[in-house]
There are 2 protein chains.
Amino acid sequence: MTVTIRDVARVSGFSVATVSRVLNGSGPVKDDTRQRVREVAASLRFSPNVAARSLSTRRTHTLGVLLPDLHGEFFSEVIRGVDQAAQAEGYHVLVSSSHNAPAEISAALATMHGRVDGVAIMSPVIDARTLAAELPPTLPLVLLNCAGGQDNVDALDIDNRGGALAMVRHLVALGRRRIAFLCGPEGNADADARLGGYRDGMRGAGITADPEWELEGDFQQTAGLAAVRKLLATSPRPDALFAANDAMAIAAMSALRDAGLRVPEDVAVTGFDDIPIARYMHPALTTVRVDIAGLGARAVRTLIDAVARKNEHARVRATLATELVVRASCGAGRGVVAEGGINSTLGRGNACRTSLA
Amino acid sequence: MTVTIRDVARVSGFSVATVSRVLNGSGPVKDDTRQRVREVAASLRFSPNVAARSLSTRRTHTLGVLLPDLHGEFFSEVIRGVDQAAQAEGYHVLVSSSHNAPAEISAALATMHGRVDGVAIMSPVIDARTLAAELPPTLPLVLLNCAGGQDNVDALDIDNRGGALAMVRHLVALGRRRIAFLCGPEGNADADARLGGYRDGMRGAGITADPEWELEGDFQQTAGLAAVRKLLATSPRPDALFAANDAMAIAAMSALRDAGLRVPEDVAVTGFDDIPIARYMHPALTTVRVDIAGLGARAVRTLIDAVARKNEHARVRATLATELVVRASCGAGRGVVAEGGINSTLGRGNACRTSLA
DNA sequence: GCCCCGCATGTAACCGTTTCCATCCCGCGT
DNA sequence: ACGCGGGATGGAAACGGTTACATGCGGGGC
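Residues numbered from 1 in each chain as written. Chains lettered and ligands numbered in written order. Predicted model: local features only at pLDDT ≥ 70, side-chain atom pairs only at ≥ 80, totals over all residues.

**Quick notes on the interface of chain B and chain A**
Interfaces are frequently sized by the accessible area removed from exposure as the parts join. So the rule is basically this: For every residue pair, C-beta atoms are placed from the backbone, and the pair is scored as a contact if these atoms sit within 7 Å. Counting from the N terminus, the helices are DSSP H or I runs at least four residues long and the strands are E runs at least two residues long. Here the term charged refers only to Asp, Glu, Lys and Arg, the term nonpolar to Ala, Val, Leu, Ile, Met, Phe, Trp, Tyr, Cys and Pro, and the term polar to all other amino acids, Gly among them. Two strands pair if DSSP finds at least two bridges between them.
Contacts between the two partners involve 36 residues from chain B, matched on the other side by 36 residues from chain A. Top element by residues in the side of chain B that touches chain A is helix 5 (residues 73-88) of chain B. It accounts for seven residues. Split into classes, the residues belonging to the side of chain B that touches chain A amount to 16 nonpolar, 15 polar and five charged. Bridge count for strand 2 (residues 92-96) of chain A against strand 2 (residues 92-96) of chain B is three bridges, and the pairing is antiparallel. Bridging from a neighbouring strand, Leu-94 of chain A pairs with Leu-94 of chain B of strand 2 of chain B.

Written out as structure tokens, the structure is:
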């Protein structure tokens, strides 16, 4: 039924060993032989059995990607970057999402074991130490946007603090003082760092921030709606709302308008991520650009490198720069105004900056 | 180094066959034995080698998903539905995108061969007959949004024509007559069907549509910008713009505003898909709802069923209903007004309707 | 008491590659 | 002429499971 390497061997008159060598380009083979084997393989439409191959080689040519969620453009951009880089390197991508609790992540990792050569985990809630501990130390692993402290594992993150700080400074420069912050989920590393940047910015500007201005959120759109409801009840009302991500900022703008307020005149609204759709909002969303797809692509390249070096490479720790993108929703003119990011600190040389669009 | 089933056998004092039976719940095993084996397996942290298993069983417990693209919320919703359904069934998901040309799809399929138990292909450009012909007939395959005519393969699509027709009728009912249509990519099945619905609607309303009103597009945001530029040059100017998807509609709204026109007063703008962000636009986007995630989930369930039946099941052919969602961008009040979809036609019983959000 | 049946378990043959090692052959140096 | 090195090839043992088949054993029906 299915044609195996043995069939190719039989028909071509050579042994399976030779056929294998031809097909993998390993070992010395005469040109005639190579050609003959190739012909037969093609005519038989031979396609090597992946399972058998990886049983033998212990390589799957597949990378796993664990995401906390799949809602919204943010994650689709991550996957896009991952997929692109993986395809370029001849790798496949196994995705799995909805992993917010450490236990779920462990479970997902367990089921991926043996299916993948390496795993990228984006989980702003995981305790990386626990994770690395229970994992086979030979499995290449790259952590995206995880909370600090691990040395034995590759880690990529975003300059959340710098980006948020730059945004607050920008709002202050525009004359806003009562700047509210719409938080991400508690315990989420990205969210915490962005909140930290906000606080730094407020303190730096000498503004005594009202604790009421720190609104609960979870990166989802509905949180934007809820936050606005709360915000409308406060007095004096904030004159700016800085959301920890674009999805919430967009929903907040919508809710503010529904409440009869003007953006940016009454309340400036800004976000974080610069998802592709942000520029098409009305008013166009001022935000902090993150090269999301680039992050995904970088993760893949890091993994592939780790695979090649049998996970004995020097660990990578990089922070991707962010960039303030000023549009209309903050009440200023258009254009890129300032870099939000402190420069990347890299484990291995080549600098990585977010690209300008 | 790695612990195999033989280790578990040795330590527990039973044979590999028994261990295998315990671990797979196949064959009869005494309770004591079962328990003992489980204990040992757990204490040894045994995790079966996936490659070995699938070499023997010829099952991978993985499904492949081929997408044309990964830009925007549409595809992230597809993946979300797929991932969710797959996880629920204990399957993994291999994604691969950027396959627009038939040749690329074939290539991607070839590299997936043996890695997956079935494949869902969303490719509105593929000629399904060619495809099915060159594929092993035993590989379960479900085509999403593909152009018609194949009998030997499962196919799911969306009631594009009905949805578009309903939208045009709605616009006409609101008094718009000069309705422009922003097309999707040429040769794309979804795009063609939506265009067909638009034409039907115009004809049905007795409007002689100006050919200039059919604007070129490609489902990407930049096409929305370009279309508006063209549209501004026409005279008399259309009083409505119906875009073949939300991404273009959103960009078009942005461009219209930049040109000083009011939406919906001067030009009504509507889209198709109802991506999650559509409701947060300003004005909120009137569109045709498609249960995108549901489509992905359904594809997965279809595949898993096909796998279970060794691909000898009755082929499924279903059209998912769509639903007109009226918001503000068309110049009407809020709310769901009418069903756009003709009822599903199903190969196998249970009806599938898009759910209300 | 014997036979037969069926449950619990073990043995070993697969699944389709890769790869180590042996073999063969050819040409070259002495 | 002969040994030697090395390139080309073949044989067979992994890799780690699943599973068909064999085996042993206890119990019930006669």
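**Things to note about the protein's contact with DNA strand C**
Where we set the bar: Any residue qualifies as near a molecule or strand once its backbone-derived C-beta atom lies within 6 Å of it.
Of all residues adjacent to DNA strand C, which total 29 residues, the nearest are Ile-5, Ser-20 and Ala-52 of chain A together with Ala-17 and Pro-28 of chain B. Secondary structure elements with two or more residues in the surface near DNA strand C: helix 2 (16-24) and helix 4 (50-57) of chain A together with helix 2 (16-24) and helix 4 (50-57) of chain B. When residues in the surface near DNA strand C are grouped by element, the largest group, six residues, is from helix 2 of chain A. Broken down by class, the residue content of the surface near DNA strand C amounts to 13 nonpolar, 13 polar and three charged.

**With respect to the relation of the copies chain B and chain A**
Operational definition: Here the copies are matched by least squares. The fit uses the C-alpha atoms of residues with pLDDT of at least 70 in both.
Superposing chain B onto chain A requires a rotation of 180° together with a translation of 0.1 Å along the rotation axis, leaving an RMSD of 0.2 Å. Given the turn and translation reported, the copies of this chain are related as if by a two-fold rotation axis. When you check the interface residues of chain B against chain A, 100% turn up at the interface there too, and the contact is symmetric in its surfaces.

**Considering the protein's contact with DNA strand D**
Around DNA strand D, 29 residues are found, and the nearest of them are Pro-28 of chain A together with Ile-5, Ala-17, Ser-20 and Ala-52 of chain B. When contributions to the surface near DNA strand D are tallied by element, the ones reaching two or more residues are helix 2 and helix 4 of chain A together with helix 2 and helix 4 of chain B.

**Structural notes on the pairing of strand 4 (residues 141-144) of chain B**
All names here are of chain B. To keep it simple, the criterion reads: Working definition of burial: number of other C-beta atoms within 10 Å of the residue's own, with buried at 20 or more, exposed at 12 or fewer, and partly exposed in between, all C-beta atoms being placed from the backbone.
Taking every second residue as pointing to the same face, both faces of strand 4 are buried, with Leu-141 and Leu-143 on one and Val-142 and Leu-144 on the other. Across four bridges, the pairing between strand 3 (residues 118-122) and strand 4 is parallel. Paired with Val-119 across the bridge in strand 4 is Leu-141. Sheet analysis places strand 4 next to strand 5 (residues 154-158), joined by three bridges and oriented parallel. Paired with Leu-143 across the bridge in strand 5 is Ala-155.

**Some points on unusual backbone geometry**
Residue and element names in this part refer to chain A. For the peptide bond that leads from His-282 to Pro-283, omega is -5°, which places it in the cis range. Take Pro-283: it is sitting in the loop between strand 9 (268-270) and strand 10 (287-289). Positive phi, close to 65°, is recorded for Ser-98, a residue that is not glycine. Looking at where Ser-98 falls in the secondary structure, it is placed in the loop between strand 2 and helix 6 (102-112). Notably, Asn-145 is not glycine yet its phi reads approximately 55°, a positive angle. Looking at the element boundaries, Asn-145 is found in the loop between strand 4 (141-144) and strand 5 (154-158).

**What to know about the packing of helix 8 (residues 160-173) of chain B against helix 9 (residues 189-204) of chain B**
Residues and elements named next belong to chain B. Rules: Axes here refer to lines fitted to C-alpha atoms; in helices the fit is confined to the stretch in contact. Angles between the N-to-C directions go from 0 to 180 degrees. Here is the rule for handedness: rotate from the far helix to the near one, and if that takes an anticlockwise turn smaller than a right angle the crossing is left-handed, while a clockwise turn gives right-handed.
Remark: helix 8 packs on helix 9, axes separated minimally by 7 Å, with the N-to-C direction vectors making an angle of 40°. Here helix 8 and helix 9 pass one another in a crossing that is right-handed. Facing Asn-160, Arg-161, Gly-162, Gly-163, Ala-164, Leu-165, Val-168 and Arg-169 of helix 8, the residues of helix 9 in contact are Asp-190, Ala-193, Arg-194, Gly-196, Gly-197, Tyr-198, Asp-200, Gly-201 and Met-202. Its residues assigned to classes, the contact of helix 8 with helix 9 comprises six nonpolar, six polar and five charged.

**Comments concerning the packing of helix 10 (residues 221-233) of chain B against helix 11 (residues 246-258) of chain B**
Residue and element names in this part refer to chain B. Our working definition: What sets the label is the angle itself: under 35 degrees gives roughly parallel, over 145 gives roughly antiparallel, 65 to 115 gives roughly perpendicular, and the rest give oblique.
Their axes nearest at 7 Å, the elements helix 10 and helix 11 cross at an angle of 45°. Here helix 10 lies oblique to helix 11, going by the angle between them. Relative to helix 11, helix 10 is oriented so that their crossing is right-handed. Residue-level contacts link Gln-221, Thr-222, Ala-223, Gly-224, Leu-225, Ala-227 and Val-228 of helix 10 to Ala-247, Met-248, Ala-249, Ile-250, Ala-251, Ala-252, Ala-255 and Leu-256 of helix 11. In terms of residue class, the contact of helix 10 with helix 11 is built from twelve nonpolar, three polar and no charged.

**Comments concerning the sheet that holds strand 9 (residues 268-270) of chain B**
Residue and element names in this part refer to chain B. In space, the four strands of this open sheet follow the order 7-6-8-9, with parallel pairing throughout. Two strands in the sheet have a free side with no partner beyond their single neighbour: strand 7 (214-215) and strand 9. Alignment of strand 6 (residues 179-182) against strand 8 (residues 240-243), held across four bridges, turns out to be parallel. Looking across to strand 8, one finds that Phe-181 is bridged to Phe-242.

**Some remarks on the sheet that holds strand 8 (residues 240-243) of chain A**
Residue and element names in this part refer to chain A. Strand order in the open sheet formed by four strands is 7-6-8-9, and the pairing between neighbours is parallel. The sheet is open, and its two borders are formed by strand 7 (214-215) and strand 9, each paired with just one other strand. In this structure, strand 8 lies alongside strand 9, joined through three bridges in parallel fashion. Paired with Leu-241 across the strands is Val-269, a residue of strand 9. Where helix 11 (residues 246-258) meets the sheet, it contacts strand 6 (179-182), strand 8 and strand 9, and its direction lies at approximately 155° from that of strand 9.

**What to know about the nonpolar core**
Nonpolar side chains in soluble globular proteins generally cluster together in the buried interior. The criterion, for reference: Any nonpolar core is a set of buried residues, restricted to Ala, Val, Leu, Ile, Met, Phe, Trp, Tyr and Cys, that join up through C-beta atoms within 7 Å.
Counting residues in hydrophobic clusters, the biggest one holds 212 residues, and the most contacted among them are Ala-120, Leu-182 and Ala-252 of chain A together with Leu-182 and Ala-252 of chain B. Counting seven residues, the second-largest nonpolar core is a separate cluster that includes Val-8, Val-19, Val-22 and Val-37 of chain A.

**Structural notes on the environment of Asp-218 of chain A**
All names here are of chain A. Assignment of secondary structure puts Asp-218 in the loop between strand 7 and helix 10 (221-233). Residues Asp-218 and Pro-185, spaced 33 residues apart in sequence, show a C-alpha to C-alpha distance of 4.1 Å. The contacts of Asp-218, once residues within four sequence positions are left out, are Gly-184, Pro-185 and Ala-223.

**A word on helix 9 of chain B**
Residues and elements named next belong to chain B. Basically, it comes down to this: Helix span, expected: 1.5 Å multiplied by one less than the number of residues in the helix.
When the terminal C-alpha atoms of helix 9 are compared, their 22 Å separation across 16 residues agrees well with the 22 Å that a helix rising 1.5 Å per residue should span. By the burial criterion, the buried members of helix 9 are Ala-189, Asp-190, Ala-191, Ala-193, Arg-194, Leu-195, Gly-197, Tyr-198, Gly-201 and Met-202. Among the structural elements, strand 5, helix 8, strand 6 and strand 8 are those in contact with the buried residues of helix 9.

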